[in-house]
Amino acid sequence: MRRAPAAVRRNAVRSTAVALLLCTVGCGQGGHGGHGGSPHAAPARTRASFTAGGVDVAVTLERSGADTVAVSATLSPRQKGFHLYSLTLPDDGVDGLGIPTRLTVGAPLTATGPVTSPAAPHDVRPAGLDLALPVYPDGPVTLRLATRLAGSADGSASARVLLTYGACSTDGACLAPVRAHPVTLAVPPR
């Protein structure tokens, strides 16, 4: 095996030292890419999950400002071929059919807009009925809600999120509906 010339070895050592120094400054605690007060630090988050009505649910609170907290919930039916009803379904369903998907928050959070989802709903027409029910495509659906945090709430504050939903398949099989299921999460620190 041939040994590299001394100049090449010195350059390799210098390059490694420079890379380590840059990572220490740029990636470490005191740099712009690290933690601890950095303007580019990742937002603080808290998470909780549960399973009910044949659906796995993961809820996240993400704090991106002094009083701004984004709430998201991903609802994933456990059985293949099952969907959730749309946010646009009326509170009482259509002619009493369907369980509307809902996400609400309680103090110290206040919604600053409507709940949204990037999933595009479509209509399902149950056999033998002259009506259409708005549903999301089969599989997981993510809901998002922008909220404001009450000024005095910080540190050890907790927030309550309530979820309502029902999972069904296109052939009409439905799982037990879930209504106002509470999830309590710690409010992420600033």
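This text gives an overview of the structure that appears in the document. (Residues numbered from 1 in each chain as written. Predicted model: local features only at pLDDT ≥ 70, side-chain atom pairs only at ≥ 80, totals over all residues. Heavy atoms only, no water.)

1. Focus: the state of the cysteines
Then step 1. Tallied over the full model, the rule gives 1 disulfide.
Then step 2. Disulfide pairing is shown between Cys 168 and Cys 174; the S-S distance is 2.0 Å. With the S-S bond torsion at 110°, the cross-link from Cys 168 to Cys 174 turns out right-handed.
Then step 3. In this structure Cys 168 comes out as buried when scored by relative accessible area, which is 5%. (Disulfide = S-S within 2.5 Å. Buried < 20%, exposed > 50% of the residue type's maximum accessible area, 1.4 Å probe, protein only.)

2. Description of the pattern of salt bridges
Then step 1. Overall, the coordinates contain 3 salt bridges when judged by the stated rule.
Then step 2. Here Glu 62 ties to Arg 45 by a salt bridge, and the two come within 2.6 Å at their closest N and O atoms. In this pair, Glu 62 is assigned in strand 2 (residues 55-63) and Arg 45 in strand 1 (residues 44-52), connecting sequence segments 17 residues apart.
Then step 3. We note a salt bridge from Asp 56 to Arg 78, for which the minimum N-O separation is 3.4 Å. Highlighted residues: Asp 56 in strand 2 and Arg 78 in the loop between strand 3 (68-77) and strand 4 (82-84), separated in sequence by 22 residues.
Then step 4. Judged by relative accessible area, which is 29%, Asp 56 ranks as partly exposed. (Salt bridge = Lys/Arg side-chain N within 4 Å of Asp/Glu carboxyl O. Helix = DSSP H or I, 4+ residues; strand = E, 2+ residues; numbered from the N terminus.)

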